[in-house]
Amino acid sequence: MRILLIASAYNSLTQRVHAELRVRGHAVAVEVTPTSGDVVRAVDRHDPRLVVAPMLKTVVPREVWTTRTCLIVHPGPVGDRGPSSLDWAIHEDATVWGVTVLQAEEEMDAGPVWATAAFPVTRTGKSDLYRNELSDAAVDAVLTAVERFASGRHSPAAQSSLPAVPGARTRPPMRQETRRIAWADDPTGTVLRKLRAADSQPGVLDELLGGEWFLHGGHPEYRLRGRPGELLATRAGAVCRATADGAVWLPELRARTGPGAPRACKLPAVLALGDRLPRLPRLSTPPLCPAGEGAPWSDIRYREDGPVGTLWFSFPGGAMSTDHCRRLLEAYRAACERPTSVLVLGGGRDFFSNGIHLHVIEAAADPALESWSNINAMNDLVEAVLTTTDRLVVAAVGGNAAAGGVMLALAADEVWCRSGSVLNPHYRLMGLYGSEYWTYSLPRRVGAAAAERLMREALPVGAGQARDIGLVDEVIECAPARFSSEVTRLAQRLAGSSPAQSRLVAKKAESERREAVTPLAAVRERELANMHRIFFDPTAPYHALRRAFCRKEPPPVPPAVPPDVADA
């Protein structure tokens, strides 16, 4: 069936729905449609049998929804209406929420229902919840709705005929006055809930050190205490701020800019505050910071379960700055000193990695030089994984991964991903050639022809398709909250298997053969020569594309999806 996806941005859910529909044999076109006029032109251009909107902020025009079926994915249960559904659910501490696929009509979110699905609201950030539990439910609901539409026998149900869902109602957009933190009065739990409900967008507007900032994300601190609102310490680029009964770690800040000024970049808090930041205790963490309940917060942690070591890391948005890469490399080397036979890299429930940190690069005094430092730090990390021969390394991809983050995973001996993961193993949409040894690792995995196609088409790859083409070895069917424990169970089974030792012997022999035929140093030099030309050419599209991405400006060459997808 010919389906048109319309979306305000080619976001994670749109990519996942795109991948899932394609693998089921549908002819799928995608158009980014910021305005109602864009929606009309997209439908006229493609003349689809069905229109699906996984994430649409604009109104579907009457001339579209009256002439063909348009399915809207609403991130709330039946009866819920408004643009801040998930924000309100987290803010009000809901334990169960839902996704509704409804038909576009005159009144927004009021059309008949084609499918709905419920999901648990785990205590994590809104963006993490959106990419995981909500995404799982949304894909189930969309596939059900598409199947029902294709059958020609299903009639959608009026919302008034369906059971009422507790908490579902019409609500306004959540404004900053609702999100605002009262540092003198709000306990840690309330502060974290407000931060979780706004973690990626729009952030919580706050005053700090004489400036206005949007706070993005937050983690509890179990030991430090101080006057409410006071900054107490720094760690791993984050700042610790006292609440009414404890403290929280704030990992990222974005400066509020005035009307007409470029949007500020979202940066590690210490980097964002810069010279404003007073002298504070800088709390160091050991390279292998322990994981577990009540352990000090860190974006890199380590746990051992018998012969299995797990090096867990979680960087906001999956972006890895030069500092992130260097700290993770230090931890990786320390983990390789431990007496384990299997080392799991990753294992968290959200982003694995999306490669270099474009926001830190954009905000740098010399973006070209910072790009160069960042890509070299990524290469150092990937090389360390590629050259590990004394144990088996498993990349555990619990969420999405893109660009250099995919190549970091491919450096491991095995790649395991959750069934909801989406991989984007390409660099083209940011105007880059790519590095991180992709010209070695990707063809080794999928073959030269498939590697070239993946890079050229620049399409998202769902977990099942990734396994089918050899990009990953294992797809773990589980809820997001179960991924870490499932990975540990499988890693212990791998460590105890009889072929494990023979695989290590073969791994060392393969490393020696590779160096004789395709030395990694030559691969790195060739890739970096291309990257250097791009980074230090001020006219290269990379710089304009990076700025548009970070500053939320219109891309220089729309649409922000692969051209061959938009023109399909």
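Student: Give me the lowdown on the overall build of the protein, citing residues and values where you can.
Tutor: Counting its secondary structure elements, the protein contains 20 helices and 23 strands. Here the protein has a C-alpha radius of gyration of 24 Å; the compact-globule value for 568 residues is 24 Å, and the two agree. Expressed as lengths along the three principal axes of its C-alpha atoms, the size of the protein is roughly 65 × 60 × 50 Å. Among the 568 residues that make up the protein, the fraction classed as buried is 57%. The contacts in the protein between residues at least 6 apart in sequence include a share of 69% that link residues at least 24 apart. Here the protein has roughly 23200 Å² of accessible surface; of this, 52% comes from carbon and sulfur atoms. Seen as two clouds, the 66 positive and the 64 negative side-chain charges of the protein have centres 1 Å apart.

Student: Which residues make up the pattern of salt bridges, and what values go with them?
Tutor: Working definition: two side chains of opposite charge can pair if their charged atoms are close together. Tallied over the full model, the rule gives 39 salt bridges. Between Arg171 and Glu92 there is a salt bridge, with its nearest N and O atoms 2.8 Å apart. On the criterion of sequence distance, the pair formed by Arg171 in the loop between α5 (126–151) and α6 (176–179) and Glu92 in the loop between α4 (85–91) and β5 (96–103) is long-range, its members being 79 residues apart. Notably, a salt bridge pairs Arg391 with Asp390, separated by 3.0 Å at the nearest N-O pair. Under the relative-accessibility criterion, Asp390 is labelled partly exposed at 41%. Residues joined by salt bridges that share partners form a network here, namely Glu362, Arg546, Arg547, Arg551 and Glu553.

Student: A description of the sheet that holds strand β22 (residues 461–462) should follow, citing residues and the corresponding values.
Tutor: Taking strand neighbours across the sheet as the criterion, the 3 strands line up as β19-β21-β22 in an open arrangement whose pairing is mixed. In this open sheet, the two strands that pair with only one neighbour each are β19 (401–402) and β22. Summarising the sheet, strand β21 (residues 422–424) and β22 pair through 2 bridges and their orientation is antiparallel. Counted as the bridge partner of Leu423 is Val461 from β22.

Student: Tell me about the sheet that holds strand β11 (residues 238–242), and name the residues and values.
Tutor: Within the open sheet, the 4 strands sit side by side as β9-β12-β11-β10. Their pairing is antiparallel. Among the strands making up the open sheet, the edge pair consists of β9 (219–221) and β10 (231–235). Geometrically, the sheet is characterised by an average inter-axis angle of 30° between neighbouring strands, direction not taken into account. Pairing of β11 with strand β12 (residues 247–250), which is carried by 4 bridges, proceeds in the antiparallel orientation. What sits directly across from Ala242, in β12, is Ala247. Docked against the sheet, helix α7 (residues 188–196) engages β9 and β12, running at close to 25° with respect to β12.

Student: Help me get a handle on the environment of Val270, residues and values and all.
Tutor: Topologically, Val270 is positioned in helix α8 (residues 269–273). Separated by 20 residues in the primary sequence, Val270 and Leu250 place their C-alpha atoms 9.5 Å from one another. Dropping the residues within four chain positions of it, Val270 is found in contact with Thr234, Gly237, Ala238, Val239 and Leu277.

Student: Residue-level account of the packing of aromatic side chains, with values.
Tutor: For the structure shown, the criterion picks out 7 aromatic pairs. Put simply, the rings of Phe313, Phe315 and Phe352 touch in pairs and so form one group of aromatic residues. When the ring centre of Tyr542 is taken as origin, the NZ or CZ atom of Arg546, which lies over that ring, is 5.0 Å away. Against the face of Phe549 rests Lys552, its NZ or CZ located 5.9 Å from the ring centre.

Student: Tell me what's going on with the environment of Asp93, and back it up with residues and numbers.
Tutor: Mapped onto the secondary structure, Asp93 falls in the loop between α4 and β5. You can call Asp93 partly exposed: its relative accessible area is 31%.

Student: How would you sum up the nonpolar core? Please name residues and give values.
Tutor: Core analysis: the largest hydrophobic core is formed by 92 residues, its most contacted members being Leu215, Leu311, Tyr332, Leu408, Leu432, Leu442 and Tyr542. Excluding residues that lie within four positions of it along the chain, Leu215 makes contacts with Ile181, Trp183, Leu195, Gly203, Val204, Asp206, Leu250, Glu252 and Leu253. Ranked by size, the runner-up nonpolar core spans 38 residues in total, among them Met55, Val101, Ala115 and Val146.

Student: So what about the pairing of strand β17 (residues 342–346)? Which residues, and what values?
Tutor: Extensive coverage of β17 is indicated by the burial of 5 of its 5 residues. Bridging between strand β16 (residues 308–313) and β17 involves 4 bridges; their strand directions are parallel. Each residue of the ladder has a partner; that of Gly309, found in β17, is Leu343. At this point the chain moves from β16, through helix α9 (residues 322–335), to the parallel β17, and the crossover so formed is right-handed. Examined bridge by bridge, β17 and strand β18 (residues 392–397) share 5 bridges and lie parallel to one another. Of the residues in β18, the one forming a bridge with Gly346 is Ala396.

Student: Please give an account of α5 that cites residues and values.
Tutor: When the terminal C-alpha atoms of α5 are compared, their 35 Å separation across 26 residues agrees well with the 38 Å that a helix rising 1.5 Å per residue should span. By the largest-angle criterion, Ser135 marks the main kink of α5, which is about 45°. For α5, a buried count of 20 out of 26 residues is recorded, marking the element as mostly surrounded by other parts of the structure. Positive phi appears at Gly152, one or two residues downstream of α5, with a value of about 75°.

What counts as what
Residues numbered from 1 in each chain as written. Predicted model: local features only at pLDDT ≥ 70, side-chain atom pairs only at ≥ 80, totals over all residues. Heavy atoms only, no water. Helix = DSSP H or I, 4+ residues; strand = E, 2+ residues; numbered from the N terminus. Rg over C-alpha atoms; globule rule 2.2 N^0.38 Å. Buried < 20%, exposed > 50% of the residue type's maximum accessible area, 1.4 Å probe, protein only. Contact = heavy atoms within 4.5 Å. Areas by Shrake-Rupley, 256 points an atom, 1.4 Å probe, with all protein chains shown as cover. Lys, Arg positive; Asp, Glu negative; His and termini not counted. Charge placed at Lys NZ, Arg CZ, Asp CG, Glu CD. Salt bridge = Lys/Arg side-chain N within 4 Å of Asp/Glu carboxyl O. Pairing = 2+ DSSP bridges. Axes fitted to C-alpha atoms, helices over the stretch in contact; angles between N-to-C directions. Phe/Tyr/Trp six-rings, centres within 6.5 Å; stacked < 30°, edge-to-face > 60°. Lys NZ or Arg CZ within 6 Å of the ring centre and 35° of its normal. Core = buried A, V, L, I, M, F, W, Y, C linked by side-chain atoms within 4.5 Å. Right-handed = clockwise from strand over helix to strand, strands pointing away. Expected span 1.5 Å × (residues − 1). Bend = angle between axes of the 7 residues up to and from the residue.

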